Protein chains: 2
Amino acid sequence: MSSTNALEVLIQALRRLPGVGVKSAQRMAFHLMQHDRAGAEALSAALHDAAQNVHHCARCHTFTEDDICSTCLDPERDASRLCVVETPADQSALERTGAFKGLYFVLMGRLSPLDGIGPKEIGLHKLMERASDGVVQEVILATNFNAEGEATAHVLSEALKSRGLHVTRLARGVPVGSELEYVDLSTIAHALVDRR
Amino acid sequence: MSSTNALEVLIQALRRLPGVGVKSAQRMAFHLMQHDRAGAEALSAALHDAAQNVHHCARCHTFTEDDICSTCLDPERDASRLCVVETPADQSALERTGAFKGLYFVLMGRLSPLDGIGPKEIGLHKLMERASDGVVQEVILATNFNAEGEATAHVLSEALKSRGLHVTRLARGVPVGSELEYVDLSTIAHALVDRR
Ligand SMILES: [Zn+2]
Ligand SMILES: [Zn+2]
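So, here is what we can say about the structure in this document.

Here is what the cut-offs are and how they apply
Going along each chain's sequence as written, the residues are numbered from 1 onward. The lettering of chains begins at A and the numbering of ligands begins at 1, in the order of writing. The predicted origin of the model limits local features to residues at a pLDDT of at least 70 and limits the giving and counting of side-chain atom pairs to 80 or more, whereas totals for whole chains, interfaces and linings rest on all residues. With hydrogens and water excluded, all non-hydrogen atoms of the structure serve as input to the side-chain values. By convention, a stacked pair of Phe, Tyr or Trp rings (six-membered ring in the case of Trp) has centres within 6.5 Å and planes under 30 degrees apart, an edge-to-face pair has planes over 60 apart, and any other such pair is tilted. Here's how the labels work: a residue is buried when its accessible area is under 20% of the maximum for its type, exposed when over 50%, partly exposed in between, all with a 1.4 Å probe on protein chains only. Our definition puts a charge over a ring when NZ of Lys or CZ of Arg is within 6 Å of the ring centre and also within 35 degrees of the ring normal. Strands are runs of DSSP state E lasting at least two residues, helices are runs of H or I lasting at least four, and both sets are numbered from the N terminus onward. Side-chain atoms alone can form a polar contact between residues adjacent in sequence; in general such a contact is a pair of N or O atoms within 3.5 Å, and within protein one must be able to donate a hydrogen while the other accepts it. By the convention used here, residues are in contact when the closest approach between their heavy atoms is within 4.5 Å. A strand pair is defined by DSSP finding two or more bridges across the two strands. What counts as an axis is a line fitted to C-alpha atoms, over the stretch in contact for a helix, and the angles between N-to-C directions run from 0 to 180 degrees. To line up the copies, we fit them by least squares on C-alpha atoms, keeping just the residues with pLDDT of at least 70 in both. Counted as donors are N, O and S atoms no farther than 2.8 Å from the metal, or 3.2 Å for Na, K and Ca; water is not among the atoms, and sites may therefore look incomplete. For a four-donor site, all angles between 85 and 135 degrees give tetrahedral; for four or six donors, opposite pairs above 155 degrees with the remaining angles between 65 and 115 give square planar or octahedral; all remaining cases count as irregular. Buried area: the accessible surface (1.4 Å probe) lost by two parts on joining, summed over both. Basic side-chain nitrogens of Lys or Arg form a salt bridge, by our definition, when they fall within 4 Å of a carboxyl oxygen of Asp or Glu. By the convention adopted, Pro, Cys, Tyr, Trp, Phe, Met, Ile, Leu, Val and Ala count as nonpolar, Lys, Arg, Asp and Glu as charged, and the other residues, Gly among them, as polar.

So, about the packing of aromatic side chains. All names here are of chain A. Going through the model one piece at a time under the given rule, you end up with four aromatic pairs over all chains. Plain terms: the ring middles of Phe100 and Tyr104 are 5.3 Å apart, the flat faces sit at 70° to each other, and that makes the pair edge-to-face. Each member of the pair, Phe100 as well as Tyr104, is classed as buried. Lying across the ring of Phe145, Arg169 places its NZ or CZ 4.0 Å from the centre.

Shown next, in the form of structure tokens:
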């Protein structure tokens, strides 16, 4: 893009962001240098601050700046129910429903043997320990409903059940507001199987 | 996405990048925190360094860390030809062709009155001064071949010609390797008009 080394370094650094190719990185660098230097400095500071201060909650594994996150410390939550999600974004989606008042365990990923992500990487051992605290009565598996998420739920379910824990899974079914005609067939089939 | 303030600040800062919405920003922040802290620190440093040290070449207006960029200082270049481009990326594309040995003037944008980008913002006055140095014999307009790029070329052409300068435009035509059947009609029409 240019003869300046600082810009070339910036473009290469932007390419480390997921989904950013060389064209996008050039466009981003150009935008920041030409129109938003303050944005560049703000992003620089935010990256450094997060990289230094964000780590994992000792109980649920989500991102936090404290030892234990505010959700885990909240005495109003129902400690007998533990919901297992793949990412903080999934946890956030569940929280926005307002339908769950229990606690969480965040895997920070999903099983993906081809990418080298096994039980250790998603903290299976830690989850077993957490779920066996004597307070948890039910573990709700809320991994995604795609191949890797289902495989992850299956492995977790087997391991948790072997400890005598009660394990449930989010219901599969027809999305609210959908017309059956336009819903894919495997979803309808699952909704039939899981009918109430 | 999470209860941590540092992560929320990071997600908001990432959204200042062009083309990055809230979902992408969450995905980027998650990736950096979970898998690439070194990448976060490298990007932080690169942003700060570029924001502090990159400015505009006093002669051609492109990004540089020096007062005058290496292209403008290169005694091997043909100073009698000045090519006007919209961005450093466009300049880089022309350089990669190896077909141009003259100098450049980088507008750092294009006329776009609705966005408040007028002749001042693209440095028209500076271009006039640069092109009137008594050495430049020909100004080649290489703005993009879309509506705004064409309008920009028109305005620049009128201004430069009024100073008695020789102004040319990149040829419009059929892209190399194309089959006529699949080329859009206005391109074919232009290729006919500009036939050699
Ligand atoms: Zn926690
Ligand atoms: Zn220059």
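All names here are of chain A. Secondary-structure assignment places Glu138 in strand S5 (residues 138-141). A polar contact of 2.8 Å, which involves the side chain of Glu138, links it to the side chain of Arg81. Not counting the four nearest positions on each side in its chain, Glu138 is found in contact with Ser80, Arg81, Leu82, His166 and Thr168.

On to the sheet that holds strand S4 (residues 102-106) of chain B, then. Residues and elements named next belong to chain B. Read across the sheet, four strands follow the order S4-S3-S5-S6 without closing on themselves; strand pairing throughout is parallel. A strand with exactly one partner marks an edge of an open sheet, and here the two such strands are S4 and strand S6 (166-169). With strand direction ignored, the average angle separating the axes of adjacent strands in the sheet is 25°. Examined bridge by bridge, strand S3 (residues 78-85) and S4 share five bridges and lie parallel to one another. Residue Asp78 lies in a different strand from S4, and its bridge partner there is Gly102. Here helix H5 (residues 88-97) sits on the sheet and contacts S3 and S4; the angle it forms with S4, its principal contact strand, is near 160°.

Before going further, it helps to spend a moment on unusual backbone geometry. Residues and elements named next belong to chain A. Even without a glycine there, the phi angle at His61 is positive, about 80°. Turning to its location among the elements, His61 is positioned in the loop between strand S1 (55-56) and strand S2 (63-64). Residue class for His61 comes out buried when judged on its relative accessible area of 13%.

Overlaying chain B with chain A gives an RMSD of 0.1 Å, the required rotation being 180° about an axis along which the chain moves by 0.0 Å. One copy is carried onto the other by what is essentially a two-fold rotation axis. Of every C-alpha in chain B, the one belonging to B:Ser44 sits nearest the axis of rotation, 2.0 Å from it.

Residue and element names in this part refer to chain A. Coordination of the zinc ion (ligand 1) by the protein comes from Cys57 (SG), Cys60 (SG), Cys69 (SG) and Cys72 (SG), over a distance range of 2.3 Å. One way to put it: the four donor atoms around the zinc ion (ligand 1) meet at angles of 105 to 117°, and that makes the site tetrahedral. Counting the intervening residues between successive donors of the zinc ion (ligand 1) yields the motif C-x2-C-x8-C-x2-C. Highlighted residues: Cys60 in the loop between S1 and S2 and Cys72 in helix H4 (residues 70-73), separated in sequence by twelve residues. Assessed through its relative accessible area of 1%, Cys60 is described here as buried.

All right, on to the interface of chain B and chain A then. At the junction of the two partners, chain B supplies 52 residues and chain A supplies 52 residues. A buried area of about 4,700 Å², summed over both sides, lies between chain B and chain A, and 65% of it is on carbon and sulfur atoms. By the criterion of area lost to chain A, the three top residues of chain B are B:Arg16, B:Leu47 and B:Phe63, representing 14% of everything that side buries. Inspection of the chain B/chain A interface yields two salt bridges. A salt bridge links A:Arg16 to B:Asp36; the shortest N-O distance between them is 3.0 Å. Between the two partners, chain B and chain A, sit 17 residue pairs in polar contact (both at pLDDT 80 or more). Put simply, the parts of the chain that give the side of chain B that touches chain A at least two residues each are helix H1 (5-14), helix H2 (22-35), helix H3 (37-53), strand S1 (55-56), strand S2 (63-64) and H5 of chain B. Here the side of chain B that touches chain A gets 15 residues from one element, more than from any other, and that element is H3(B). For the side of chain B that touches chain A, a count of residues per class yields 28 nonpolar, 17 polar and seven charged.

Worth remembering: the numbers are spatial, not functional.
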